[in-house]
Amino acid sequence: MASEGERRRAGFAIFGIGRAGQIHLGNILKMRRAHLMYVVEEDLVHGRSVLEKHLVDREVKLLGLKDADQVFNDPGVAAVVVCTPTNTHKKVVQQALKCGKAVFCEKPIAVTLEETESCYNDAEKFGVPLFCAFNRRFDPNVCQMRERYRRGEIGQAQCFKTCSRDSPAVPLWYLKISVGGIFHDCGVHDIDMVCWILGEYPVSVFSQAHAFRQDIADIGDVDQVMIVMKFASGCIATVDMSRDAVYGYDQRLELKGSKGMLEQQNRFPTTVVKYDQSGLTGGRIEESFPQRYRESYQREMSHFLDNVLGVEKEVGITKDETLRVSLIASACEDSYRTGKQIFMDNYKENGGHK
């Protein structure tokens, strides 16, 4: 027999329906336990177009940000999904928490560590969940890799390599509003994934980076990064990031241990391969993140819905984990800008990146 939490439906509102917002919109519409009530979008023309594309019921209200109080004051709304630009997160998150709404927020929660911690403090004060969307933790392959490592299949972890290369090339307009650049927009995902799988945080980090695109260099960012993280256990992890891989969305993991190795390879839309006199020809790997991490986006929203309905009490990503990963990403960026290895204990004591 279904529990009360499994039978109930939760009212949802989405703030921002850009790239991530449209993914979450589609997933919420497919969930029988979720009821979409509001979409808040500054560009109302864009908002109407997206709602028509997704065949959203006319009863769902489309509002501009100036009318967002309708969402906060509606007792039927149990959860708010925040996908607006980062510099607006804190205001939306804190207002929603204050009004007793559970909050699902795209990372980062806020611009600074202090603001992020303030949001989590509000979640504790008002007794509602605050979920930071590190979606890769919910990818079935990443989960399996963690479980098998934790079972001891490959023994002591010695070397961990991640490859995370974007496709298609990220547009400049997005990079201009992406607070924290590549380290906080992309790097946090790999840093969180590595630490989550290993079950420990690095004692030191060192980064090198370069901007191959001049327009990216002009806004003070980079498009190719290599991060090295050293852990107390002795394991050394490398994170290889790029803003543009012309051959598709490149997402690979390799974890070598004392008894063997676990590897996660790229995914292909088809397994069909052609053989002829010129050799063997296969298809491209998955095109971009909505395709590669389709399941992880679905599973993280389902987990959050369980939090909202009280089926699952523990929020999948904790306050401490979010703050630590953000601090490490800042240390990696500072390492690149100073050309120095950064030791995390000293960095934390000195207040980290402001």
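Before reading further, recall that the structure is shown in the block above.
Residues numbered from 1 in each chain as written. Predicted model: local features only at pLDDT ≥ 70, side-chain atom pairs only at ≥ 80, totals over all residues. Heavy atoms only, no water.

Draft legend 1. Molecular detail of the overall build of the chain. Secondary structure assignment for the chain yields 14 helices and 15 strands. In terms of overall dimensions, the chain is globule-like: its C-alpha atoms have a radius of gyration of 21 Å, near the 20 Å expected for 354 residues. When its C-alpha atoms are laid out on the principal axes, the chain stretches across 60 × 55 × 50 Å. Relative to its full complement of 354 residues, the chain shows a buried share of 51%. Taking as baseline every contact in the chain between residues at least 6 positions apart, the subset at least 24 positions apart corresponds to 71%. Just so you have it, the chain exposes about 17100 Å², and 50% of that area is on carbon and sulfur atoms. A distance of 2 Å separates the average location of the 46 positive side-chain charges in the chain from that of its 48 negative side-chain charges. (Helix = DSSP H or I, 4+ residues; strand = E, 2+ residues; numbered from the N terminus. Rg over C-alpha atoms; globule rule 2.2 N^0.38 Å. Buried < 20%, exposed > 50% of the residue type's maximum accessible area, 1.4 Å probe, protein only. Contact = heavy atoms within 4.5 Å. Areas by Shrake-Rupley, 256 points an atom, 1.4 Å probe, with all protein chains shown as cover. Lys, Arg positive; Asp, Glu negative; His and termini not counted. Charge placed at Lys NZ, Arg CZ, Asp CG, Glu CD.)

Draft legend 2. Broad picture of the pairing of strand β12 (residues 260-264). One ladder, built from 5 bridges, connects strand β11 (residues 250-257) with β12; its direction is antiparallel. Note that in β12 the partner of K256 across the bridge is M261. (Pairing = 2+ DSSP bridges.)

Draft legend 3. Expanded view of the nonpolar core. Membership of the largest hydrophobic core comes to 101 residues, with the highest contact counts inside it found for F12 and M229. Element by element, the count of residues in this core is highest for helix α9 (residues 181-198), at 11 residues. Grouped together as the second largest cluster of nonpolar side chains are 5 residues, Y249, F289, Y293 and Y297 included. (Core = buried A, V, L, I, M, F, W, Y, C linked by side-chain atoms within 4.5 Å.)

Draft legend 4. Spatial organisation of the packing of aromatic side chains. Scanning all chains against the criterion turns up 10 aromatic pairs. When the centroid spacing of 6.2 Å and the interplanar angle of 50 degrees are considered together, the rings of F131 and F304 count as tilted. Linking F131 in strand β6 (residues 130-132) with F304 in helix α12 (residues 294-309), this pair joins segments that are 173 residues apart in sequence. For the pair F131 and F304, one class covers both residues: buried. Each member of the aromatic cluster is reached from another via a ring pair, and the members are F12, F104, F131, F138 and F304. The ring of Y174 is capped by R19, whose NZ or CZ atom sits 4.3 Å from the centre of that ring. Positioned above the aromatic ring of Y293, the side-chain terminus of R292 is 4.5 Å from the ring centre. (Phe/Tyr/Trp six-rings, centres within 6.5 Å; stacked < 30°, edge-to-face > 60°. Lys NZ or Arg CZ within 6 Å of the ring centre and 35° of its normal.)

Draft legend 5. Structural detail: helix α2 (residues 19-30). Between the first and last C-alpha of α2 there are 18 Å, a value that for 12 residues agrees with the 16 Å anticipated at 1.5 Å per step. For α2, the set of buried residues is G21, Q22, I23, H24, L25, G26, N27 and I28. (Expected span 1.5 Å × (residues − 1).)

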